[in-house]
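Here is how the chains run, residue by residue.
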Amino acid sequence: MARDNRSTVRLDSPKGLRTRVLPGRGRPSRDRFGRATEAIARAMGTPQFLLALTGFCLLWMGYNITAPEAWRFDSAAIGFTALTLILSLQASYAAPLILLAQNRQDDRDRVQFEQDRQRAERNLADTEYLAREVVALRIAIRDMASKDFIRAELRSLLEELDRRDADEQAEADRG
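Residues numbered from 1 in each chain as written. Predicted model: local features only at pLDDT ≥ 70, side-chain atom pairs only at ≥ 80, totals over all residues. Heavy atoms only, no water.

Draft legend 1. Fine view of the side chain of Asn 64. Looking at where Asn 64 falls in the secondary structure, it is placed in helix α2 (residues 47-66). Given the relative accessible area of 0%, Asn 64 is considered buried. Within polar-contact distance, the side chain of Asn 64 engages the backbone nitrogen of Asp 74 at 3.1 Å. When residues no more than four places from it in sequence are discounted, the contact partners of Asn 64 are Arg 72, Phe 73, Asp 74 and Phe 80. (Helix = DSSP H or I, 4+ residues; strand = E, 2+ residues; numbered from the N terminus. Buried < 20%, exposed > 50% of the residue type's maximum accessible area, 1.4 Å probe, protein only. Polar contact = N/O pair within 3.5 Å; in protein donor to acceptor, adjacent residues only side chain to side chain. Contact = heavy atoms within 4.5 Å.)

Rendered as structure tokens:
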């Protein structure tokens, strides 16, 4: 069966057979997006960000209080509504970005914990193997002759040889 012409592929066909609706390189990878959210979340937690945001708010309010009435774009009389909306928008994006970064960190921690667990299992197995080897060596050493045993055996052999030499010397003197 021949493959369908790409221009006639329907939406209910497998993904590999569908054509792209929008041209382009494709969607950015989840990892790139995740790294970007982590960078933003990390930047939002710095004193520099807090100082910059405070400076921005002070400049905004200062300009809208001291500028001529015609040049103001946010009224202090109604509570700086535009500034409030901007800060609310920033907060509404900050919370999900921080949660995304936290989820990525949780995933990394989960992988790290699993690797630590596997490493601990390997260390336990290695330790048990080494303990068995030490026990086997101790058993083998227990069956080996000790230095004192060998010295005692050599002394008894030396005494026996001395007696034999003395006996041979005595027989040679008699004869």
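Let's pick the thread back up.
Draft legend 2. Representation of the layout of surface pockets in the model. Volume-wise, the second largest pocket comes out at about 170 Å³. Contributing to the lining of the second largest pocket are Arg 30, Phe 33, Gly 34, Thr 37, Leu 100, Asn 103, Arg 104 and Asp 107. Elements represented by at least two residues in the lining of the second largest pocket include exactly α1 (30-44) and α3 (81-143). When its residues are assigned to classes, the lining of the second largest pocket shows 2 nonpolar, 3 polar and 3 charged. (1 Å grid on protein atoms, 1.4 Å probe; cavity = no way out; pocket = protein on both sides within 12 Å on 5 of 7 lines; lining within 4 Å. Points joined across faces, edges and corners; volume = space filled by probe spheres on them. Nonpolar A, V, L, I, M, F, W, Y, C, P; charged D, E, K, R; others polar.)

Draft legend 3. Representation of unusual backbone geometry. Even without being glycine, Phe 80 reaches a positive phi, approximately 50 degrees. Here Phe 80 shows up in the loop between α2 and α3. The exposure class of Phe 80 is buried, given its relative accessible area of 11%.

Draft legend 4. Up close: the packing of aromatic side chains. If you walk through the whole model with that rule in mind, you get 3 aromatic pairs. On the basis of an interplanar angle of 55 degrees and a centroid distance of 5.7 Å, the ring pair of Phe 56 and Trp 60 is categorised as tilted. Placement of the pair is Phe 56 and Trp 60 together in helix α2, with a separation of 4 residues, close to one helical turn. For Phe 56, a relative accessible area of 38% translates into the label partly exposed. For Trp 60, a relative accessible area of 12% gives the class buried. Ring centres of Trp 60 and Phe 73 lie 4.9 Å apart, and the angle between their planes is 90 degrees; on these two criteria the pair is classed as edge-to-face. One end of the pair, Trp 60, is in helix α2; the other, Phe 73, is in the loop between α2 and α3, and 13 residues separate them in sequence. (Phe/Tyr/Trp six-rings, centres within 6.5 Å; stacked < 30°, edge-to-face > 60°.)

Draft legend 5. The arrangement of the pattern of salt bridges in detail. All told, the structure shown has 9 salt bridges when counted by the stated rule. Asp 107 is paired through a salt bridge with Arg 110; the nearest N and O atoms lie 2.8 Å apart. Of the two residues, Asp 107 and Arg 110 are both situated in helix α3; the distance of 3 residues between them amounts to about one turn of the helix. Measuring nitrogen to oxygen at the nearest pair gives 2.9 Å for the salt bridge that ties Asp 116 to Arg 119. With Asp 116 and Arg 119 both in helix α3 and 3 residues apart, this pair spans about one turn of that helix. Among the residues examined, Asp 116 registers a relative accessible area of 31% and is labelled partly exposed. Take Arg 119: its relative accessible area is 38%, and that puts it in the partly exposed class. A single salt-bridge network, built from bridges that share partners, covers Asp 31, Arg 35, Glu 38, Arg 104 and Arg 108. (Salt bridge = Lys/Arg side-chain N within 4 Å of Asp/Glu carboxyl O.)

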